[in-house]
Amino acid sequence: MTVHVAAALLAFAALQIWLVSSAIAAGAPSAFTIVALVMLLALAVPTARITERRWYHLSRQALASWGLHARFRRDVRRLWVAALALPFLWVSGAMAATQAIAAVAG
């Protein structure tokens, strides 16, 4: 699980940086970068660490079984879906919110 968590965090960070850079080039405020970094550090890293820690303890305590293998595959799938989908959802939502605030304010 450690390899999956590390790779998913790298993919998440790369997508986040690319999408935020694109959003700023499209006219989003530059404070958007700081908020994106805070999101990465405050939400993604602890969540990934909790997932990795849980599987580290399970691998130490549990014998290999089909049920454990199925849970592992499900958790890996969830991890990768979140790492690849959340940056798109967050940036598109933040851009929509920024545009709505700008429309109301001005």
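Placed above this text is the structure.
To start, this report covers the structure provided alongside it. (Residues numbered from 1 in each chain as written. Predicted model: local features only at pLDDT ≥ 70, side-chain atom pairs only at ≥ 80, totals over all residues. Heavy atoms only, no water.)

Further remarks concern the overall build of the protein. Counting its regular elements, the protein contains three helices and zero strands. For the protein, the α and β elements follow one another from N to C terminus as α-α-α. Along the three orthogonal principal directions, the C-alpha set of the protein runs to about 60 × 20 × 20 Å. Counting contacts in the protein only where the partners sit at least 6 residues apart, residues at least 24 apart contribute 75% of the total. When the accessible surface of the protein is split by element, carbon and sulfur atoms take 72% of a total near 7,000 Å². (Helix = DSSP H or I, 4+ residues; strand = E, 2+ residues; numbered from the N terminus. Contact = heavy atoms within 4.5 Å. Areas by Shrake-Rupley, 256 points an atom, 1.4 Å probe, with all protein chains shown as cover.)

Below, the discussion takes up the environment of A6. Its location among the elements puts A6 in helix α1 (residues 2–25). A6 sits in the partly exposed class, given a relative accessible area of 39%. Residues A6 and P29, spaced 23 residues apart in sequence, show a C-alpha to C-alpha distance of 30 Å. (Buried < 20%, exposed > 50% of the residue type's maximum accessible area, 1.4 Å probe, protein only.)

A few words on α1. Across its 24 residues, α1 extends 34 Å between first and last C-alpha, which sits within 8% of the 34 Å expected from 1.5 Å per residue. Of all the residues in α1, the buried ones are V5, A8, F12, A13, L15, Q16, L19, V20 and A23. In the stretch just after α1, G27 is the one whose phi turns positive, near 115°. (Expected span 1.5 Å × (residues − 1).)

Moving on, we come to the nonpolar core. Among the nonpolar cores identified, the biggest contains 16 residues, and M1, V5, F12, L40, W55, F72 and L79 are the most heavily contacted of them. If you list the elements that add at least two residues to this core, you get α1, α2 (31–61) and α3 (66–105). Sorting elements by how many residues they give to this core places α2 first, with six residues. Once residues lying within four places of it in the same chain are set aside, the contact partners of W55 are M1, L68, R71, F72 and D75. (Core = buried A, V, L, I, M, F, W, Y, C linked by side-chain atoms within 4.5 Å.)

This part covers the side chain of D75. You can see D75 is positioned in helix α3. In this structure the side chain of D75 is engaged in a polar contact, spanning 2.6 Å, whose partner is the side chain of R54. In this view, D75 contacts M1, R54 and W55; residues no more than four positions away in its chain are not counted. (Polar contact = N/O pair within 3.5 Å; in protein donor to acceptor, adjacent residues only side chain to side chain.)

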